[in-house]
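# Structural overview
Chain residues, written in single-letter form:
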Amino acid sequence: MSEAQKPVKVYYNGACPVCNASISNQRARMEACGLRAEWFDIHANPQVLKELGLGQEEARKKLHVIDATGSIRVGADAFATLWRQTPGQGLLGHVIALPVFRVLARAGYNLFAAALYRWNKAKGRW
């Protein structure tokens, strides 16, 4: 199997309802297009984090994706990786990878992810 054919690996926190809904939507879009990906719920299966070299608590804070080349993408970059290969989302993925938009996307994602992490923790989801 060539590098381009390797499925991306997506590590998400299934205990977070917002994260879970977002990933369910992305997964459905990708599967509808015949795109292959491996989906790992790090809440239900923390042992999958060995490949990332992260503890569960750190991994809960942001989405992590290992792309087809084996590079780890985190947060906004992880979403951009998924969007670039998904029909109907490709343009968005390419736009937020542009330098000025990347800075804004990362900042926005990081603020939202931090607030979401605190909210989930306060709700006792983990």
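Use the structure listed above.
Description of the structure in this document. On a predicted model such as this, the values are computed, not experimentally measured, just so you know. (Residues numbered from 1 in each chain as written. Predicted model: local features only at pLDDT ≥ 70, side-chain atom pairs only at ≥ 80, totals over all residues. Heavy atoms only, no water.)

## Digging into the pattern of salt bridges
- Applying the stated criterion across every chain yields a total of eight salt bridges.
- The closest approach of N and O atoms between E57 and R60, which form a salt bridge, is 2.9 Å.
- A residue is classified by how much of its surface remains accessible, and E57, at 31% relative accessible area, is partly exposed.
- Two residues, D77 and R106, come together in a salt bridge whose shortest N-O distance is 2.7 Å. One end of the pair, D77, is in helix α3 (residues 76–84); the other, R106, is in helix α5 (residues 99–122), and 29 residues separate them in sequence. (Salt bridge = Lys/Arg side-chain N within 4 Å of Asp/Glu carboxyl O. Buried < 20%, exposed > 50% of the residue type's maximum accessible area, 1.4 Å probe, protein only. Helix = DSSP H or I, 4+ residues; strand = E, 2+ residues; numbered from the N terminus.)

## As for helix α1 (residues 17–32)
- Here α1 contains 16 residues, and its C-alpha end-to-end distance of 22 Å stays within 8% of the 22 Å for a straight helix at 1.5 Å per residue.
- Buried within α1 we find I23, Q26 and M30. Down the axis of α1, the buried side of the element spans an arc of 65°, and every buried residue falls inside it.
- On its buried side, α1 packs onto β1 (8–12), β2 (37–41) and α3.
- Of the residues flanking the end of α1, it is G34, one or two places downstream, whose phi is positive at about 80°. (Expected span 1.5 Å × (residues − 1). Arc of directions from axis to C-beta. Contact = heavy atoms within 4.5 Å.)

## Things to note about the nonpolar core
- Core analysis: the biggest nonpolar cluster contains 18 residues, and V10, L63, V65 and L82 have the highest contact counts within it.
- Only β1, α1, α3 and α5 provide two or more residues apiece to this core.
- No other element matches α3, which puts six residues into this core.
- Excluding its chain neighbours within four sequence positions, the residues that come into contact with V65 are V8, K9, V10, S71, I72, R73, A78, T81 and L82.
- L49, L52, A59 and I66 belong to the second largest nonpolar core, which has seven residues in total. (Core = buried A, V, L, I, M, F, W, Y, C linked by side-chain atoms within 4.5 Å.)

## Topic: the packing of aromatic side chains
- Evaluation of the coordinates by the stated rule reveals four aromatic pairs.
- A centroid spacing of 5.0 Å and a plane angle of 20° characterise the contact between Y11 and F40, whose relative ring orientation is stacked. Taken as a pair, Y11 in strand β1 and F40 in strand β2 lie far apart in primary sequence, 29 residues in all.
- Put simply, the rings of F79, W83 and Y109 pair up and form one aromatic cluster. (Phe/Tyr/Trp six-rings, centres within 6.5 Å; stacked < 30°, edge-to-face > 60°.)

## As for the packing of α3 against α5
- Contact geometry for α3 and α5: axes closest at 9 Å, N-to-C directions at 115°. When α3 is examined against α5, the residues A76, D77 and F79 are found in contact with a partner set consisting of R102, A105, R106 and Y109.
- Per-class residue counts for the contact of α3 with α5 are four nonpolar, no polar and three charged. (Axes fitted to C-alpha atoms, helices over the stretch in contact; angles between N-to-C directions. Nonpolar A, V, L, I, M, F, W, Y, C, P; charged D, E, K, R; others polar.)

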